[in-house]
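Single-letter residue listing:
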Amino acid sequence: MLVHLLRRSVLGSGILGIGVKRRCSCALQSVGCPDKAQPADMIRNRAQIKRVLCVAEKNDAAKGISDIMSNGRFRRREGMSKFNKIYEYEYHLFGQNVTVLMTSVSGHLLGLEFKTPFQKWHSCSPVLLFDAEVEKYCPENMVQIKRTLEKEVKQCQLLIIWTDCDREGENIGFEIIDVCKAVKPNIQVLRAKFSEITPNSIRRACDTLSEPDSKVSDAVDVRQELDLRIGASFTRFQTLRLQKIFPESLANQLISYGSCQFPTLGFVVERFKAIQSFIPETFYKIKVLHEVEEDTVEFSWKRNRLFNHTACLVLYQICMEDPIATVTSVTSKPKSKWRPLPLDTVEMEKLASRKLRISAKETMKIAEKLYTRGFISYPRTETNIFPPNLALGPLVEEQTQSSVWGAFAQRVLEQPGGPNPRQGKKSDQAHPPIHPTKHSSSLQGNEGRLYEFIVRHFLACVSQDALGQETVVDVDIAQEKFSTSGLMITARNYLDVYPYDRWTTKVFSRTTGVKYKLIDIERGCVTGTDATHAEHIETIKSRMYVGLTSDQRFLPGELGMGLVEGYNSMGYEMSKPNLRAELEADLKLVSEGRKDKWSVLQHHIQKYKTVFIESVHKAKKLDEALSPYLGAAQEIPEEQQQDMEIPLPIRKCPHCGRDMVLKKKREGNGKYLTCVGYPACKTAVWFPDMVLEVSRDQSICPTCRPAPVHMLKLKFRRGSLPPMMPLEFVGCIGGCDETLREVLDLKYLRAGGSGGSGGGRGDGPHPPAPPPPTAPSSNARPSLPPVPTVVPQPQPPPRALSVSASSDSNTIVCNCGQQALLLTVRKDGPNQGRQFYKCNGGTCGFFLWADQPGQQGASQSWGAPLQVSQPPRTTVNSANAGQTMCHCNETAVTRTVQKDGPNKGRMFHTCGKSREQQCGFFQWADENTPPSGAFDGGYNGGGNGGRQARRITGAATADKPPAAKRPRTCGICHTPGHTRATCPQR
DNA sequence: GCAAGGTC
């Protein structure tokens, strides 16, 4: 116990790493308050905690952590998975002894997949993969690990997550939690936070246990789902299509697409093309050499180089006429070479590749291993600033043991101010820069080389810059200027431990007034890189994707080039990292709790779906881009082309909110309307046999919700409809059209209904069972947010079908030339229930009584636009039908004009609020104008809401259809029938 | 047969 308390007091003295949330402010003097170091309210019944299950991300880490926590005195036993052992030992936690079971997973325990049948490549059009349901499942090779957890957690009262402290680690943590909670729902859960597997760090993690962060895990869920949907949809689409188009080259080739791999390919192609398109150009320069005994000093020309040979030759000859150089100046100034910045992951990969010739992948593999064995800190970090509370002294001291760089480490400790790191500008606020955590002299091979590099880099970074003195000599020959510089290193400092940087002394004697030897014109060539060499291009001709040249440079293959060019030609920046970068930025916001998981997911799904649909439409561009490499493109037969077409949404499914699309029946030529959520959602419309053809129309129903509900072009069998009805027309199946509703038996609109009559899916008739509730199924995290179901239509549907403008002479067309909308007067008054036509868009003011088509005369209805300004909005929904609503969308009050004048005693509707808050709505109670009814259903054609509604024309009265001439209106409320002097608003 | 990210 004493040891424990002492340790705690040491830990409290300011060596907390970043990323470790310090929950107890009194930790600094907390010898007397061990309990407070844990958040008191986080643990229930701590006295009852006897057995604790700890789970690390991999076996190595579990072993390393156990070794530290048990001082090497753990018992090891087998779990169900032979790669993941169980380490058992006693530990002192929350002021009591507990038994710890430490085991591990092997990375992600669960994977994400489409539900059946969508895993099958030919199960659906790839675009549907943006909506298809997904679920988490435990892959075959993880089942044993899962069983171990399920078995062991049953005897435990607390679960501590010891996965790596990064995003993926947090998500893996939640996978472990989900599995454990499924068998033991009341298990308590804590999270250990650490950046190194070293005694200090592990003990600190035990003392600062916190709650797992679901926000960070959420960000990974979003990434996973997007990667799956994007990867699968694009891969299937381009593989299936290109295999058909280039059967000879690609018949058996999988052409994968991923949101990370494709921008990478794009980068390789871009670099390659830049190098290829580089045109080498010959240049010329004058070179001056000065020979002093054995040494030769080269002077560089101030003009650097000329691309014109004659010009250079002229200058050269002038110089040659009097080749005596005059020294014009000799300057000397101190110069320093900076020590390296603290090491982050990318820098480590770059330097390891450049200096050690170890690939990035190999570097990370080794670093990972060094980390789990406690030699270095967590190697995945974006930070290049050492946090001020990280004690560098002990880390440097550790290295003094080395026979190779120990003396240098000692020098660092003795230098004034001790270790003094250069500070970068990046911090991920989670992990410190990569640094050695303990000394080793036994590491071999690349492991040893990388470890040495990390140590040397660390020591260099905390030591001092190299210092030197630079001397610059300027000379003049026939007015042409040349110069050279020399360097004297005065203090090597960090260079002594860091052989990866070169900075060498360059000496020359300073002599003035001597004759310099002027030599020849040198001819040179501005060069590209070696990759231009023809033989490399030759070698990759046979390759299909990205290859590696003999000098380790990337070369894109023909397929890779074609794909990048093809997608580029579509105008999307798909081969650039932008799309992915945008996603990464949003993921960061999700992990910080600043953006909502579902909205980010939906936004990006929608964005990529749009790109996908466009790509399919422009797929020919892919063929064109590939055919220079792969030969002529094969034509795809028309019926197969139709299969590839993307079904565009007709409307949202009234039951689950996903898209409903027209699909071809498996048998016969007909189509049916189905929810893309099938089989989870079985909403569908099977058109009766009398419907010969059905297709999507561009027009959108103005009344049906949720918008947009696309109209359908329908063609009926002769004799199947009443004689006055046309056989072809554009109609709405959203519910507003009662006739169509009856004719097509649109049962799907009824809540709980599923599918229509007749037909039956190719894969068996589906039962008329009610569809499942919105999105969530067995998946704990549903793939779609709840979507509002269709609201009841705000008005009774018109009696007749809307008639297509082109189909026959019965068409009623408004002044915009569009088919007019048939509506019914609903206001109390003599015209209640009467039908009339109005402009569909609400813009031209067209009006016509349905029962008196001839009365108003063609000249008015079909001729010049009627001067009817926007009427007031009245009833907005069925709940308050018949009531007049003001602009605040509240029931208007009815008042009587009190003032003397022509309207005295007349009733009017106005906003019921106080004078200051009034919205300005006004309407005469005795004016039951049809146009106002025409804008029922919240259809506020003007778009700018209330203000216009004050403009009521006197012509639009109940028994008089609107006149073409605008009547005089009041200057205050713009209402006709009275003047400014008699305005009730005054 | 698809992704990307863990891990072996």
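Just so it is clear, the model here is predicted, and its values are computed rather than measured. (Residues numbered from 1 in each chain as written. Chains lettered and ligands numbered in written order. Predicted model: local features only at pLDDT ≥ 70, side-chain atom pairs only at ≥ 80, totals over all residues. Heavy atoms only, no water.)

Moving on: the overall build of chain A. If you tally the helices and strands in chain A, you get 23 helices and 29 strands. Split by element, the accessible area of chain A, about 46,700 Å² in all, is 51% carbon and sulfur. (Helix = DSSP H or I, 4+ residues; strand = E, 2+ residues; numbered from the N terminus. Areas by Shrake-Rupley, 256 points an atom, 1.4 Å probe, with all protein chains shown as cover.)

Neighbouring residues of DNA strand B: 33 residues in total, closest Glu57, Arg236, Ser256, Cys260 and Gln261. Sugar plus phosphate: this is where 60% of the atoms of DNA strand B within 4 Å of the protein reside. At a separation of 3.3 Å, a phosphate oxygen of DNA strand B approaches a polar side-chain atom of Ser256. Mapped by element, the contributors of at least two residues to the surface near DNA strand B are β5 (111–114) and α6 (214–245). When residues of the surface near DNA strand B are assigned to their parent elements, the largest contribution, 10 residues, is made by α6. Tallied by class, residues from the surface near DNA strand B come to 8 nonpolar, 14 polar and 11 charged. (Near = heavy atom within 4 Å. Polar contact = N/O pair within 3.5 Å; in protein donor to acceptor, adjacent residues only side chain to side chain. Nonpolar A, V, L, I, M, F, W, Y, C, P; charged D, E, K, R; others polar.)

Bringing the nonpolar core into the picture now. Core analysis: the largest hydrophobic core is formed by 75 residues, its most contacted members being Ile65, Met69, Met102, Ile160 and Trp162. Ranked by the residues each element gives to this core, the list is headed by helix α14 (residues 445–462), at 10 residues. Leaving out residues up to four positions away in the same chain, Ile160 has contacts with Val52, Leu53, Cys54, Val55, Leu93, Leu190, Ala192 and Leu209. (Core = buried A, V, L, I, M, F, W, Y, C linked by side-chain atoms within 4.5 Å. Buried < 20%, exposed > 50% of the residue type's maximum accessible area, 1.4 Å probe, protein only. Contact = heavy atoms within 4.5 Å.)

Strand order across the open sheet formed by 3 strands is β21-β22-β23, with antiparallel pairing between neighbours. Of all the strands in the sheet, the pair left with one neighbour each is β21 (691–700) and β23 (728–731). The mean inter-strand angle of the sheet, taken between neighbouring strand axes irrespective of direction, is 25°. Looking at chain direction, β21 and strand β22 (residues 710–716) are connected through 6 bridges and run antiparallel. (Pairing = 2+ DSSP bridges. Axes fitted to C-alpha atoms, helices over the stretch in contact; angles between N-to-C directions.)

On to the environment of Gln238, then. As for its placement among the helices and strands, Gln238 is situated in helix α6. Residue classification places Gln238 among the buried residues on the basis of a relative accessible area of 0%. For Gln238, the contacting residues outside a window of four places in its chain are Gln243, Ile255, Ser256, Tyr257, Leu563 and Tyr567. Here the side chain of Gln238 touches Ser256 through a polar contact of 3.2 Å, landing on its backbone oxygen.

To continue, consider the packing of helix α17 (residues 578–591) against helix α18 (residues 597–617). Running from amino to carboxyl end, α17 crosses α18 at an angle of 170°, the nearest separation of the two axes being 10 Å. Viewed along their axes, α17 and α18 adopt a mutual orientation that is roughly antiparallel. Two secondary-structure elements touch here, α17 through Leu579, Arg580, Glu582, Leu583, Asp586 and Val590 and α18 through Lys597, Val600, His603, His604, Lys607 and Tyr608. Looking at the contact of α17 with α18 residue by residue, the classes come out as 5 nonpolar, 2 polar and 5 charged. (Parallel < 35°, antiparallel > 145°, perpendicular 65-115°, else oblique.)

Turning our eyes to something else, we now look at the pattern of salt bridges. Evaluated as defined, the whole model comprises 48 salt bridges. Of the charged contacts in the structure, one is a salt bridge between Arg303 and Glu480, with a shortest N-O distance of 2.7 Å. You can see Arg303 sitting in the loop between β10 (295–301) and α9 (309–321) and its partner Glu480 sitting in strand β13 (residues 480–491), a full 177 residues away along the chain. Residue classification places Arg303 among the partly exposed residues on the basis of a relative accessible area of 43%. Glu614 is the partner of Lys618 in a salt bridge, and the nearest nitrogen-oxygen pair spans 3.7 Å. Lys618 gets classed as partly exposed once you look at its relative accessible area, which sits at 27%. By relative accessible area, Glu614 is classed as partly exposed at 28%. Three or more residues joined by partner-sharing salt bridges are found here, namely Arg167, Glu168, Arg223, Asp227, Arg580 and Glu584. (Salt bridge = Lys/Arg side-chain N within 4 Å of Asp/Glu carboxyl O.)

Our next topic: the packing of α6 against α17. Helix-helix packing is described using two parameters, namely the angle between the two axes and the distance between the axes. Two elements in contact, α6 and α17, have axes whose closest approach is 7 Å; the angle formed by their N-to-C orientations is 150°. Judged on the interaxial angle alone, α17 and α6 are roughly antiparallel. When the axes of α6 and α17 are compared, the crossing they make is right-handed. Of the residues in α17, those in contact with Lys215, Val216, Asp218, Ala219, Val222, Arg223, Leu226 and Asp227 of α6 are Arg580, Leu583, Leu587, Val590 and Ser591. (Left-handed = near helix turned anticlockwise from the far one by under 90°.)

So, about unusual backbone geometry. The residue after Thr116, namely Pro117, is reached through a cis peptide bond having omega 5°. Mapped onto the fold, Pro117 is located in the loop between β5 and β6 (134–137). For the bond from Arg705 to Pro706, the omega torsion is -5°, close enough to zero to count as cis. Secondary-structure assignment places Pro706 in the loop between β21 and β22. With phi around 55°, Phe94 is a residue other than glycine that occupies positive phi space. As for its placement among the helices and strands, Phe94 is situated in the loop between β3 (86–93) and β4 (96–104). Within the chain, Ala478 stands out as a residue other than glycine whose phi angle is a positive 50°. Mapped onto the secondary structure, Ala478 falls in the loop between β12 (466–477) and β13.

Take the environment of Pro628 next. One can find Pro628 in helix α19 (residues 619–630). Owing to a relative accessible area of 63%, Pro628 belongs among the exposed residues under this scheme.

This paragraph deals with the packing of aromatic side chains. Throughout the structure, instances matching the rule amount to 19 aromatic pairs. Taking the centre distance of 5.5 Å and the plane angle of 75° together, the rings of Phe237 and Phe612 count as edge-to-face. Of this pair, Phe237 sits in helix α6 while Phe612 sits in helix α18, and the two are 375 residues apart along the sequence. Using a relative accessible area of 7% as the deciding quantity, one classes Phe237 as buried. Through successive ring pairs, a cluster of aromatic residues spans Phe130, Phe234, Phe237, Tyr257, Phe262, Tyr567 and Phe612. (Phe/Tyr/Trp six-rings, centres within 6.5 Å; stacked < 30°, edge-to-face > 60°.)

Here the focus is the confidence of the model for chain A. Low pLDDT means the predicted atomic positions in that stretch should not be read closely. Averaged over all residues, the pLDDT of chain A equals 75, while 71% of them reach at least 70. In the predicted structure, residues 1–37 sits below a pLDDT of 50 and forms 54 contacts with residues beyond four places in sequence or in another chain. Low pLDDT (under 50) marks residues 752–810, which in the prediction has 142 contacts with non-local residues, meaning those over four places away or in another chain. (pLDDT = per-residue confidence, 0-100.)

The next point concerns the sheet that holds strand β27 (residues 893–896). Spatial ordering of the open sheet is given by β27-β28-β29, a layout of 3 strands whose pairing is antiparallel. The open sheet has two edge strands with one neighbour each: β27 and β29 (922–924). Within the sheet, the average angular offset between the axes of one strand and its neighbour, ignoring direction, is 30°. Both strand β28 (residues 907–910) and β29 contribute to a ladder of 3 bridges, which runs antiparallel. Its bridge partner lying in β29, Thr910 is registered against Phe922.

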